[in-house]
Amino acid sequence: MTSTPTLSAAGSGAEGTSAADRLRRTFDVGTTRPLAWRRAQLQGLVRMFAEREQDFADALQADLGKSRLEGLVSELSLVRAEAEFALRRLREWTSVERVRVPVGLAPASAHREPQPLGVVLIIGPWNYPVQLLLSPLVGALAAGNCAVLKPSELAPATSAVIADLLPRYLDGAAVEVVEGGPEVSTQLLTRKYDSIFFTGGARVGRIVAKAAGEQLTPVTLELGGKSPAVVMDGDLRAVARRLVFGKFLNAGQTCVAPDYVLVKAGLESQLLKQLKRALAEFYGSDPSESSDYGRIINETHLDRLVGLLDSGRIYAGGAHDRSTRYLEPTLLTEVQPDSPVMADEIFGPILPILPVSGMDEAVGFIAARPAPLAAYLFSRDSAVQRNFEERVRAGGIGHNACNLHLTVPGLPFGGVGDSGSGAYHGRYSFDTFSQLRGVLSKGTGIDTLRLAYPPHNGLKKWL
Ligand code: NAD
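Nothing here was measured: the structure is a model prediction, and the numbers come from that model.

### Side note on the environment of Val73
For step 1, the next point in the chain: Looking at the secondary structure, you find Val73 in helix H4 (residues 68-94).
For step 2, the next point in the chain: Considered as a pair, Val73 and Thr407 are 334 residues apart in the sequence and their alpha carbons are 10.0 Å apart.

The structure is reproduced here in structure tokens:
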């Protein structure tokens with residue numbers, strides 16, 4: 001594969017060349033192919049998290065007010081687990097598999113083998129700025145690729161730490177971090193890559209997909225959406241805790257957070273009481289004082305979220321402070337399905353709770369909207385669970401637990417329809433960044449293909 005003409009990539013490397021060009025040269029000489037190289041990179045990532053945990057924790061605190069523990073659990077440890085999982089499975093994933101050959105082609109052999117794609121571009125969002133940039137990188141490196149990384153400019157402290165630390169732990173000839181905002185992304189997208197992996201919103205997803213289409217580059221889109229949580233039955237105290245955990249983690253700025261709750265009529269007032277109780281248990285009477293409660297990424301998002309508070313009656317929360325980018329965990333009731341809070345992904349600590357008559361209404365409500373990244377059901381009844389799985393279209397499903405499915409390296413993680421295309425984590429990351437190539441081999445001895453060669457007169461009597 002050839003690279004496009006040179007143009008400086010902002011903020012990186014030598015004049016007159018782009019990151020893509022430089023990495024292409026590394027890829028072309030085969031540096032990234034040996035398993036030993038791939039292992040060294042994955043081990044480098046693991047070592048980086050062990051040695052520089054504090055740098056990441058400080059950056060996440062500065063950008064998102066994340067507590068050290070939350071940063072560790074929801075970001076660093078997930079990438080580390082992905083890297084360790086890949087290290088254990090690398091030999092298995094890269095192995096060559098023999099395939100049976102049709103008798104008519106014998107004597108011959110065939111096999112399939114995963115091949116690295118080449119140079120990949122990974123564009124990350126701000127809400128989990130470590131995990132969502134470096135978790136795909138694990139797959140890219142395990143599969144033997146070079147990678148250009150573009151962290152989000154809206155988490156500047158984390159972006160700076162990544163740009164500073166990665167070259168110290170990884171092969172700088174194969175991995176480059178290019179910092180900056182949309183203008184830098186736009187420039188990066190003028191280059192030819194072998195795969196683009198984008199995590200972010202649908203608006204930018206469309207821009208990225210279009211740019212990728214121009215170059216015939218395969219693209220993985222990890223987008224968002226309004227992920228519903230349906231409450232049908234169960235211990236409402238436990239249900240409320242799980243909802244509050246899933247929703248208010250990272251102050252609601254989580255792509256798989258339950259966006260809104262559909263609760264079976266009759267359970268609503270009990271659930272609301274339990275949600276309020278869980279909020280007090282988790283974050284105290286004043287969450288602004290809690291070291292476990294995060295902040296909104298910037299004033300623009302805070303203003304947007306505050307504007308949504310008018311979409312219903314505030315049952316709990318609602319307090320906000322622009323100077324500290326604080327928005328109290330908020331429960332909204334009496335919300336109309338066509339109100340602003342129900343239009344787009346909330347992506348903040350506001351949880352609308354809407355009553356439904358039962359499962360049919362809940363499923364109809366979800367089906368009438370774009371397919372979400374996740375859908376959660378709270379029910380003890382396995383028949384109800386199967387029914388939900390069959391009827392709800394979503395990137396992933398969680399029964400009686402929010403957000404946790406993405407922590408299982410054996411599960412594919414990705415969206416469907418408007419919530420994205422393609423999947424990653426564990427083996428699926430490796431596959432996303434690999435070409436599964438088919439190889440057929442024949443000797444030149446006995447030529448059993450004679451019958452297939454023209455002129456075909458000899459064949460006619462057999463057909
Ligand atoms: P975003 O789409 O605004 O930005 C994502 C990245 O795109 C950033 O690095 C940004 O610099 C870059 N970008 C911005 N404008 C661009 C342009 N014109 N051309 C090219 N690149 C551009 O998303 P965000 O605000 O950072 O993140 C929030 C969104 O991401 C939410 O919708 C959320 O649901 C989604 N999300 C999805 C997942 C997932 O795993 N599926 C995870 C986290 C967030």
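### Some details on the UniProt feature "active site" (unreviewed entry) in the chain
For step 1, the next point in the chain: Under the UniProt annotation, the feature "active site" (unreviewed entry) is placed at Glu222.
For step 2, the next point in the chain: Within the element layout of this structure, Glu222 appears in strand S7 (residues 219-222).
For step 3, the next point in the chain: The exposure class assigned to Glu222 is buried, which follows from the 26 C-beta atoms found within 10 Å.
For step 4, the next point in the chain: The contacts of Glu222, once residues within four sequence positions are left out, are Phe198, Thr199, Gly414, Gly415 and Gly420.

### Examining the sheet that holds strand S5 (residues 175-177)
For step 1, the next point in the chain: Pairing in this open sheet of six strands is mixed, and the strands run S5-S4-S3-S6-S7-S17 from one edge to the other. Each edge of the sheet is formed by a strand with only one pairing partner; in this case those strands are S5 and strand S17 (420-421).
For step 2, the next point in the chain: Relative to S5, strand S4 (residues 146-150) runs parallel, the two sharing three bridges. Counterpart to Val148 in the pairing with S5 is Glu176.
For step 3, the next point in the chain: Against the sheet, helix H8 (residues 202-214) touches strand S3 (119-123), strand S6 (195-199) and S7, its axis set at about 175° to S7.

### Focus on the packing of helix H2 (residues 35-51) against helix H5 (residues 131-142)
For step 1, the next point in the chain: In the contact formed by H2 and H5, the axes pass within 9 Å of each other and the chain directions differ by 160°. The angle between H2 and H5 falls in the class roughly antiparallel. At the point where H2 passes H5, the crossing takes the left-handed sense. Within the contact between the two elements, H2 uses Arg38, Gln41, Leu42 and Leu45 and H5 uses Leu134, Val138, Leu141 and Ala142.
For step 2, the next point in the chain: For the contact of H2 with H5, the residue count by class is six nonpolar, one polar and one charged.

### Concerning the pairing of S6
For step 1, the next point in the chain: The buried fraction of S6 is high, at five of five residues.
For step 2, the next point in the chain: Neither face of S6 is exposed, since Ser195, Phe197 and Thr199 on one face and Ile196 and Phe198 on the opposite face are all buried.
For step 3, the next point in the chain: In this structure, S3 lies alongside S6, joined through four bridges in parallel fashion. When the bridges of S6 are listed, Ile122 appears paired with Phe197.
For step 4, the next point in the chain: Sheet topology note: the S6/S7 ladder contains four bridges and is parallel. In the strand pairing of S7, Phe198 is matched with Leu221.

### Points about the site of the ligand
For step 1, the next point in the chain: Every one of the 29 residues lining the ligand counts as a neighbour, but Pro125, Ser185, Gly200, Gly224 and Cys255 are closest to it.
For step 2, the next point in the chain: Among the elements of the structure, helix H7 (182-188) and H8 are those that each provide at least two residues to the shell around the ligand.
For step 3, the next point in the chain: For the shell around the ligand, the residue count by class is 13 nonpolar, 12 polar and four charged.

### Some points on the nonpolar core
For step 1, the next point in the chain: If you look at the biggest cluster of nonpolar residues, it comprises 121 residues, and the most contacted ones within it are Val120, Ile122, Val138, Val148 and Val261.
For step 2, the next point in the chain: When residues of this core are assigned to their parent elements, the largest contribution, eight residues, is made by H5.
For step 3, the next point in the chain: What Val261 contacts, discounting residues up to four positions off in sequence, is Ala229, Val231, Leu243, Leu351, Ile353 and Leu354.

Parameters and conventions
Residue positions are given per chain, counting from 1 as you read along its sequence in written order. With pLDDT at 70 or above as the cut-off, local features in this predicted model cover only qualifying residues; side-chain atom pairs require 80 or more to be listed or tallied, and sums for whole chains, interfaces and linings still use all residues. Going along the chain from the N terminus, every DSSP run of H or I of four or more residues is numbered as a helix, and every run of E of two or more is numbered as a strand. UniProt positions are given in the numbering used here, feature names are shortened, and annotations may be inferred rather than shown by experiment. Buried means a residue has 20 or more other C-beta atoms within 10 Å of its own C-beta, exposed means 12 or fewer, and partly exposed covers the counts in between; C-beta atoms are placed from the backbone. C-beta atoms are placed from the backbone for every residue, and two residues are taken to be in contact when these atoms lie within 7 Å. Following DSSP output, two strands are said to pair if at least two bridges run between them. Interaxial angles span 0 to 180 degrees and are taken between N-to-C directions of axes, which are lines fitted to C-alpha atoms, for helices over the stretch in contact. Roughly parallel refers to an angle under 35 degrees, roughly antiparallel to one over 145, roughly perpendicular to one between 65 and 115, and oblique to any angle outside these ranges. Each crossing is labelled by how the near helix is turned from the far one, with a counterclockwise turn of less than a right angle marking it left-handed and a clockwise turn marking it right-handed. Residue type decides the class: Asp, Glu, Lys and Arg count as charged, Ala, Val, Leu, Ile, Met, Phe, Trp, Tyr, Cys and Pro as nonpolar, and the leftover types, Gly among them, as polar. Any residue whose backbone-placed C-beta atom lies within 6 Å of a molecule or strand is treated as near that molecule or strand. In these notes, a nonpolar core means any group of buried Ala, Val, Leu, Ile, Met, Phe, Trp, Tyr and Cys residues linked to one another through C-beta atoms within 7 Å.

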